Amino acid sequence: MKHQQIKQIALLAILTAMCVTLRIFKIIPIPNVQPVTDILMLVTLNIGFGFGFTLAILTMIISNIYLGFGIWTISQILAYGGCILTVIFFAKITPLKKHFTLQLILATFLGWEYGFFVDLGMSIFGGIAAFLAYWASSLTFDTYHAIGNLVFYPILYKPINLALDHYKRRI
């Protein structure tokens, strides 16, 4: 059992380092275009909610130490929690794990969902007016996020699934 826990921690450390690096050092110099959401979706589909959410928490906290840590970090963590719950929900009610096209559609949608939840979380400080202002001003960036997810998901799909399948066979 202890050996299995060590492997889980090692995998979590590797994935966290990968997500933090990809979030800090942009592959494509367009705001909100990064593969973190796709990685979280693939990890959640393969390993489950707890692992996916832990990865999201670690990614946001560690990367925000570099990018800027503030009250928005809580909204970002909760937004990814909502996205991960959406993945779990659709995996339960649809054949999501078996259909790449459904996964691609969901990954794209998560770009908008993440932004919506961050905007909702930030509205605590100003009510519905603040939410509408945040939402209206972030819609373009959320669309960049959604398009980025659409582009990155097919690139990441096979290597991450193969790596996680290998990991699951070894524990």
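Some words on helix α6 (residues 127–170)
Here comes step 1: The end-to-end C-alpha distance of α6 is 49 Å, clearly below the 64 Å that 44 residues give at a rise of 1.5 Å each.
Here comes step 2: Residue Leu-139 marks the point of greatest curvature in α6, where the axis turns by about 50 degrees.

A word on the pattern of salt bridges
Here comes step 1: Counting across every chain of the model gives one salt bridge.
Here comes step 2: Note that Asp-165 and Lys-168 form a salt bridge whose closest N and O atoms lie 3.7 Å from each other. Here the residue Asp-165 and the residue Lys-168 both occupy positions in helix α6, the gap between them amounting to three residues, near one helical turn.
Here comes step 3: Classification of Asp-165 by relative accessible area gives partly exposed; the value is 31%.

Quick word on the packing of helix α1 (residues 2–24) against helix α2 (residues 36–47)
Here comes step 1: At a minimum axis distance of 10 Å, the contact between α1 and α2 shows a crossing angle of 160 degrees. With respect to α2, the axis of α1 lies roughly antiparallel. Once α1 is placed against α2, the crossing between them reads as left-handed. Residues Leu-11, Leu-15, Met-18, Cys-19, Leu-22 and Arg-23 of α1 form the contact with α2, whose participating residues are Val-36, Ile-39, Val-43 and Ile-47.
Here comes step 2: By residue class, the composition of the contact of α1 with α2 is nine nonpolar, no polar and one charged.

Reading the values: rules and limits
Residues numbered from 1 in each chain as written. Predicted model: local features only at pLDDT ≥ 70, side-chain atom pairs only at ≥ 80, totals over all residues. Heavy atoms only, no water. Helix = DSSP H or I, 4+ residues; strand = E, 2+ residues; numbered from the N terminus. Expected span 1.5 Å × (residues − 1). Bend = angle between axes of the 7 residues up to and from the residue. Salt bridge = Lys/Arg side-chain N within 4 Å of Asp/Glu carboxyl O. Buried < 20%, exposed > 50% of the residue type's maximum accessible area, 1.4 Å probe, protein only. Axes fitted to C-alpha atoms, helices over the stretch in contact; angles between N-to-C directions. Parallel < 35°, antiparallel > 145°, perpendicular 65-115°, else oblique. Left-handed = near helix turned anticlockwise from the far one by under 90°. Contact = heavy atoms within 4.5 Å. Nonpolar A, V, L, I, M, F, W, Y, C, P; charged D, E, K, R; others polar.

Geometry only, nothing functional implied.
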